[in-house]
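# What the coordinates show
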Amino acid sequence: MELGTGIGWRPEIAETVEAMQGIDWVEAVAENLCPGHLPDSLRRLRERGVTVVPHGVSIGLGGADRPDEGRLADLAACAEALGSPLVSEHIAFVRAGGARTASQPLEAGHLLPVPRTRDALDVLCENVRIAQDALPVPLAVENIAALFGWPGEELTEGQFLYELVERTGVRLLIDVANLHTNHVNRGEDPAKALAELPVEAIAYVHVAGGFERDGVWHDSHSHPVPPAVLDVLAELASRVTPPGVLLERDDNFPEDLGELGREVEVVRETVAAGSGPRAQAPDDRMTSPAAPPVDDATRQRLALDQAALLSALVAGTPAPEGFDRARLAVQARALAGKRADVVAKVAPELPLILGESAYRSLFLDYARRQPMTNGYRRDALDFAEQLLLTQRLQEPATRRELTHWWLDRSGPKPLTGRPVARALKTAAFALRRTK
């Protein structure tokens, strides 16, 4: 399907996106949507004939475990509610540990690279097949940005993606900003990666901005697209004309929102200047014959490796042998910072109660000692609970306000207007503080 030129739909810029001229399609983060209660903005776009593609971020197709059926069902429901021609996810792992490794379940809150090894490729291929079987529309998978590489990798990124497509028939979502990120951070040549890719399998392309600090490129999605990323897009467009191309912007939106429209036009013009052949439509590709299931020993090896790495990043354990410890430290700080930012969005009352600077300082200290295990909303509650239990808040008014906030949100139903339940829970919490 020809998607055309689009932009990532975000609630903060919903009105701007609706008003943009020449937007053929939008992409929305699937985990932020409720299929039964779609945002009015997306419904209006759909009524105008604008295609909406749900973009998943939490399934973890590159993880050692098989994809969660509930997460796949949610992504499928989004596609059906939006009438989408395809869905997308990432070649990444986002959680590790648990029963397979007899260790604490851990969540990264971020997309982490899978090792480019035969074991990891076997697991990824089977996970992609499981996802394809569960989804009502074709799946496209995205290459991710990385601050570090795995030791002992056996394949280049292009080879890894080529084999993935050959073995599963999956479509590709190529992020040219991520290719640039891997060029700066890992010394990988974007042109070489593109030369090795099955570019005819591309469903669409992401373009985004970032920034460089101390020799490390951060794929922030909160800055204008730099010329270096547009150069990679031009290189790709000279090899193939993708069915779709999309500008991503997640934060730090310009005051003049017209700048986003101008960036979209630059992206459109860069692709139009290319002369590559047009990629095939998503439903034109044939999936390959079914492969034998991956044995548990392969998944076990990958699980142990991923758990050790994630533990080093979020729980302060030693870096596994062979990794660049300095790069892992940068990644650990980036994960903690992102965690603080997302918790502040999920629970905006916390920075208001604690103060912006105090919130961030207290949360980063908490994150160094307490890994995330059950999502951002639970993380916000656990953070507040730890502050109260350790009695780190000196101001009585702040402590009292945070206590009321935690009590009102830590149960299945709000306690507001239920004085007896609040009194009982307050008494129980007071007992915990004295232990």
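Residues numbered from 1 in each chain as written. Predicted model: local features only at pLDDT ≥ 70, side-chain atom pairs only at ≥ 80, totals over all residues. Heavy atoms only, no water.

A tally of regular secondary structure across the chain gives 16 helices and twelve strands. Radius of gyration (C-alpha) of the chain: 23 Å, near the 22 Å computed for a compact globule of 435 residues. C-alpha extents for the chain along the principal axes are approximately 70 × 50 × 45 Å. In the chain, buried positions account for 53% of the 435 residues. Looking at the chain as shown, the accessible area adds up to about 19,200 Å², and 52% of this sits on carbon and sulfur atoms. Taken together, the 47 basic and 62 acidic charged side chains of the chain have centroids lying 8 Å from each other. (Helix = DSSP H or I, 4+ residues; strand = E, 2+ residues; numbered from the N terminus. Rg over C-alpha atoms; globule rule 2.2 N^0.38 Å. Buried < 20%, exposed > 50% of the residue type's maximum accessible area, 1.4 Å probe, protein only. Areas by Shrake-Rupley, 256 points an atom, 1.4 Å probe, with all protein chains shown as cover. Lys, Arg positive; Asp, Glu negative; His and termini not counted. Charge placed at Lys NZ, Arg CZ, Asp CG, Glu CD.)

This paragraph deals with the packing of helix H11 (residues 325–346) against helix H13 (residues 356–369). Two elements in contact, H11 and H13, have axes whose closest approach is 10 Å; the angle formed by their N-to-C orientations is 125°. The angle between H11 and H13 places the two elements in the oblique class. At the point where H11 passes H13, the crossing takes the right-handed sense. Contacts from Ala336, Gly337, Arg339, Ala340, Asp341, Val343 and Ala344 of H11 reach H13 at Tyr359, Arg360, Phe363, Leu364, Tyr366 and Ala367. (Axes fitted to C-alpha atoms, helices over the stretch in contact; angles between N-to-C directions. Parallel < 35°, antiparallel > 145°, perpendicular 65-115°, else oblique. Left-handed = near helix turned anticlockwise from the far one by under 90°. Contact = heavy atoms within 4.5 Å.)

Over its 14 residues, helix H15 (residues 396–409) extends 20 Å from the first C-alpha to the last, a length consistent with the 20 Å expected when each residue adds 1.5 Å. Turning to H15, its buried residues number three or more, namely Thr398, Leu402, Thr403, Trp405, Trp406, Leu407 and Asp408. (Expected span 1.5 Å × (residues − 1).)

A word on the confidence of the model for the chain. In the predicted model, the chain carries a mean pLDDT of 90, and the fraction of residues at 70 or more is 92%. This model gives residues 281–286 a pLDDT under 50, and the stretch forms 13 contacts once residues within four places in sequence are excluded. This model gives residues 420–427 a pLDDT under 50, and the stretch forms twelve contacts once residues within four places in sequence are excluded. (pLDDT = per-residue confidence, 0-100.)

Once that is clear, we can look at the pairing of strand E1 (residues 4–8). Consecutive side chains of a regular strand alternate in pointing toward one face of the sheet and then the other. Along E1, four of the five residues are buried, which leaves the element largely enclosed by surrounding structure. The pairing of E1 with strand E2 (residues 25–29) spans three bridges and is parallel. Paired with Gly6 across the strands is Trp25, a residue of E2. Taking the sense of rotation as the criterion, the β-α-β connection linking E1, helix H1 (residues 14–19) and E2 turns out right-handed. (Pairing = 2+ DSSP bridges. Right-handed = clockwise from strand over helix to strand, strands pointing away.)

Glancing now at helix H10 (residues 296–314). In this model, H10 (19 residues) spans 26 Å end to end at C-alpha, consistent with the 27 Å of a helix rising 1.5 Å per residue. All of the buried residues in H10 are Thr298, Arg299, Leu302, Ala303, Gln306, Ala307, Leu309, Leu310, Ser311, Ala312, Leu313 and Val314. In this fold, the buried residues of H10 make contact with strand E5 (93–98), strand E6 (103–112), helix H4 (118–134), H11 and H13. Capping of H10 at its N-terminal end is provided by Asp295; its side-chain oxygen lies 3.1 Å from the backbone amide nitrogen of Ala297. Residue Gly316 follows H10 closely and has a positive phi angle near 75°. (Polar contact = N/O pair within 3.5 Å; in protein donor to acceptor, adjacent residues only side chain to side chain.)

Our focus in this paragraph is a negative patch on the surface. On the surface, Glu31, Asp68, Glu69 and Asp74 cluster together into a negatively charged patch. Mapping Asp68 onto the fold places it in the loop between strand E3 (51–55) and helix H3 (69–82). (Patch = residues over 30% accessible without salt bridge, like charges linked within 9 Å, V, L, I, M, F, W, Y side chains within 5 Å. Salt bridge = Lys/Arg side-chain N within 4 Å of Asp/Glu carboxyl O.)

The topology assignment puts Gln331 in helix H11. For Gln331, the contacting residues outside a window of four places in its chain are His110, Leu112, Leu147, Phe148 and Leu313.

Our focus in this paragraph is the nonpolar core. Val26 and Leu164 are the most contacted members of the largest nonpolar core, which totals 89 residues. Here the element with the most residues in this core is H3; it accounts for six residues. Counting 26 residues, the second-largest nonpolar core is a separate cluster that includes Ala380, Phe383, Ala384 and Trp406. (Core = buried A, V, L, I, M, F, W, Y, C linked by side-chain atoms within 4.5 Å.)

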